[in-house]
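A closer look at the structure
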Amino acid sequence: MCGGRQIEQRQAVIIIVEPMTTVRTRFAPSPTGYLHIGGVRTALFNWLFARRHGGQFLLRIDDTDAQRNVAEALRPILDGFRWLGLDWDEGPEVDGPYAPYYQSQRGARYRAAADQLVATGAAYRDYATTEEIQAERETAQREKRRFLYSRRWMAETDAQAAAFEAEGRQASVRLQMPREGVCAFHDLVRGDVEFEWALEQDHVVQRADGTCLYHLASTVDDHDFAITHVIRAVEHLSNTPRQIFIATALGYPLPAYAHLPYVAAPGSAEKLSKRKLGTYLKHHEFKKAYDHGAGIAEAQGLSITPVSFSPVVVDFYREVGYEPDALVNYLLLLGWSLDDRTETFTREEMIEHFSLERVNRSAASFDLQKLLAFQERRMQALSVEARVARVLPFLERAGLVDAPSTGDQQARTRRVVEAAGDRIKVAGDILGYPEFFQSDDEVAYDQKAFDKRVRKAGVEPLLRRFRDRLGATEPFDADTLDRAMHAFVEAEGIAIGQVIHAVRVSVTGKAVGFGLFEGLAILGRDACVARIDRALGRLAD
RNA sequence: GUCCCCAUCGUCCAGAGGCCCAGGAUAUGGCCCUUUCAAGGCUAAGACACGGGUUCGAAUCCCGUUGGGGACGCCA
């Protein structure tokens, strides 16, 4: 059906309007070596918006300033996107019709734009030194007025430029910003916005060495890549006028803007920062969730420095065994909602319902505990097979099973996963049950639990007699064991609590765990007897 | 300091003048279930920052105050 064709119907005239252009959004990570959780939220909204409108989502690499190994610093970021299922239509590795997507490879485009800006008078060659600018800035500060460059070293003519150069000065390029009027634009999230032009500095867009700065590069790229919607964090809101200025001067059509609120730190309104993990850990709730993850990482032998291992970085969630869908679902609801009750979304549902109109204007603080709650629900919804598949790599990395695991190990894992049920909230929680994968003499005893439950008057003979019963329990399954235990306590004339805890500690080393009889059955008769004997032996020490 | 923004339970959201003595989620307390730990069920407590308007009527609109935050780079 052709665009714009009218279709006559009985009562109504329906006009099929094809969109003028395809929606194109982008996320522009700098290769820093890690993927920030706030960045992911921004990327997600970009992705969702593009998918919602059948458009494209692209990744552009902001490496104008990078001296490091970009490929290496980019890998964790791209891995993060892949893990989250945020696929990009154009960008690194996939390329696309507007390649290259690395800013470091687009310098010629930016320089041409800078030249054009100078040629049309929107920008000028400036010969001031950094020190001279700094001095002006300080003077303004001292006189308590706002700083505005005097344009004293601006070259208006080639002759002036030559004169400055004769002094040994070098030219950078500055925007010649309007000094009156307002820059007004409509923001898809924040509504109508206005900034006074006079408050804008004559921003530098090109350094003396010819390299160009972010705002010029970004504006040129957004145009070159045919970006229709610039969806980014609100800290860029005040940068928008200068980008509008650049785009307008270059004759570019303006994209639509949408400025998202930032993700705030736990229990605070401050922007979430990778560097402030120490502060966040002072929050009890946050620390609890963090420690949970740190324990899992440690069990895998990962190094956990506050730099490499942090809930502010997406890697954390993968290493701890979160479901990407849980993270994405949680992040979606951080600043956006459908209504007053829908909490769980499939990707398809997110795409179907997402809209910029329902994005919040205020910052939302990041709550690890609530994320965990989302994770629990996802995990519970998974089949046993799926949970086993999630959990196996963790056991392998922790050295609790072979890598790759054997069929027997997989079968045992399945039994543990089934028995543990919803106690396994993140895949890494399997590492809380090492005793089912260790040999009998490897099992570590929780000393406090041992003293309380086993090293206790009257327990030893009970344990001995129960061990003997185990020899006669047939078949060695949970139901039979359950009955055996009850028969045992009845015969002994004691409460079940007097022996069951002792058995648990003896066999698993711990005071807590899932159903004891399931546990005994998984371990098998020989292991149970051996472990009780071992505990009995410790009693003698 | 200048400019801009934000403001509903601890936290995340709902609420676009009457449906709200404010609803959901999460976290928290209690009880139940129970061999422990989870999970689950029931239950409790918990917010419209403040002050003025506008209106018959305001969480919702306007103004101010207060509080919080962000941006002010030859960083991105």
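Numbering of residues starts from 1 in every chain and runs along the sequence as written. Lettering of chains starts at A and numbering of ligands starts at 1, both following the order in which they are written. Residue-level local features of this predicted model are given only where pLDDT is at least 70; pairs of side-chain atoms are given and counted only at 80 or more, and the full residue set underlies all totals for whole chains, interfaces and linings. Each side-chain value is worked out from all heavy atoms of the structure, with water and hydrogens disregarded.

**Points about the confidence of the model for chain A**
- When pLDDT is averaged along chain A, the result is 92, and 96% of the positions lie at 70 or above.
- Predicted complex, confidence summary: ipTM 0.95, pTM 0.93. For every residue, the predictor states its confidence as a pLDDT score lying anywhere from 0 to 100.

**Observations concerning the pairing of strand 4 (residues 56-59)**
- Between any two strands, at least two bridges found by DSSP are needed for them to pair. Numbering goes from the N terminus for both helices and strands, where a helix is a DSSP run of H or I of at least four residues and a strand is a run of E of at least two. When strand 3 (residues 24-27) meets strand 4, the two strands line up parallel, connected through four bridges. In the sheet register, T25 faces strand 4, and the bridge partner there is F57.
- For the segment spanning strand 3, helix 1 (residues 37-52) and strand 4, crossover handedness is right-handed. Look down the strands so they point away from you; if going from the first strand over the helix to the second traces a clockwise path, that crossover is right-handed.

**A look at the protein's contact with RNA strand B**
- As a structural note, the neighbourhood of RNA strand B is formed by 57 residues, with R207, Y262, R423, H501 and G513 the closest of them.
- N or O atoms closer than or at 3.5 Å make up a polar contact, with two conditions inside protein: a donor-capable atom paired with an acceptor-capable one, and, for residues adjacent in sequence, both atoms drawn from side chains. Between a phosphate oxygen of RNA strand B and a side-chain N or O atom of K271, the distance comes to 3.0 Å.
- In the environment of RNA strand B, a sugar or linking oxygen lies 3.0 Å from a nitrogen or oxygen atom belonging to the side chain of R341.
- Looking at the surface near RNA strand B, the elements with two or more residues in it are helix 6 (214-224), helix 9 (284-299), strand 14 (364-365), helix 13 (368-381), helix 19 (497-508) and helix 20 (516-523).
- With four residues, helix 13 is the largest single contributor of residues to the surface near RNA strand B.
- Residues that form the surface near RNA strand B fall into these classes: 18 nonpolar, 16 polar and 23 charged. We define proximity as follows: a residue is near a molecule or strand when any one of its heavy atoms falls within 4 Å of that partner. Each residue is assigned to one of three groups, with Ala, Val, Leu, Ile, Met, Phe, Trp, Tyr, Cys and Pro labelled nonpolar, Asp, Glu, Lys and Arg labelled charged, and all others, Gly among them, labelled polar.

**Some details on the layout of surface pockets**
- Site definitions follow a grid-based scheme: protein atoms alone, a 1 Å grid, a 1.4 Å probe that fits but cannot get out for cavities, and for pockets an open set with protein on both sides within 12 Å along at least five of seven lines, plus lining residues having an atom within 4 Å of a point. Grid points are joined across faces, edges and corners, and a volume is the space filled by probe spheres set on the points. In this model, the largest pocket occupies a volume close to 1,100 Å³.
- Around the largest pocket, the lining is made up of 39 residues, and of these F27, A28, S30, G39 and H236 lie nearest the centre.
- Listing elements by their share of the lining of the largest pocket, those giving two or more residues are strand 3, helix 1 and strand 11 (229-233).
- Sorting elements by how many residues they give to the lining of the largest pocket places helix 1 first, with four residues.
- Class assignment for the residues of the lining of the largest pocket results in 16 nonpolar, 12 polar and 11 charged.

**Topic: the pattern of salt bridges**
- One side-chain nitrogen of Lys or Arg within 4 Å of one carboxyl oxygen of Asp or Glu is enough to make a salt bridge. What the rule picks out here adds up to 37 salt bridges.
- A salt bridge links R125 to D158, with the shortest nitrogen-to-oxygen separation between them at 2.9 Å. Of this pair, R125 sits in strand 5 (residues 123-126) while D158 is found in helix 5 (residues 158-166), placing the two residues 33 residues apart along the sequence.
- Under the relative-accessibility criterion, R125 is labelled partly exposed at 25%.
- With a closest N to O distance of 2.9 Å, R169 and E167 form a salt bridge.
- The buried label applies to any residue whose accessible area, calculated with a 1.4 Å probe on protein chains only, is under 20% of its type's maximum; exposed applies above 50%, and partly exposed to all values in between. Residue classification places R169 among the buried residues on the basis of a relative accessible area of 16%.
- Where salt bridges share partners, they join R26, R60, D62, R106, R109, D221, D222 and D224 into one cluster.

**A few points about the nonpolar core**
- F81, Y317 and F366 are the most contacted members of the largest nonpolar core, which has 121 residues in total.
- Of all the elements, helix 1 adds the most residues to this core, at nine residues.
- Between two residues, a contact is recorded if the distance between any of their heavy atoms is within 4.5 Å. Beyond its immediate stretch of four places on either side in the chain, F366 contacts I37, V263, A264, A265, P266, L272, P311, Y317, Y330, L331, L334 and L371.
- Listed in part, the 32 residues of the second largest apolar core include A122, L175, V220 and V230. Put simply, a nonpolar core is a bunch of buried Ala, Val, Leu, Ile, Met, Phe, Trp, Tyr and Cys residues held in one set by side-chain atoms that sit within 4.5 Å of each other.

**As for empty space enclosed by the protein**
- Under the counting rule described, the total for this entry stands at one cavity of 30 Å³ or more.
- By volume, the largest cavity is sized at about 60 Å³.
- What lines the largest cavity is simply Y433, E435, F436, R504, T508, K510, V512, G513, F514, G515, L516 and G519.
- Secondary-structure elements contributing two or more residues to the lining of the largest cavity are helix 19 and helix 20.
- Tallied by class, residues from the lining of the largest cavity come to five nonpolar, four polar and three charged.

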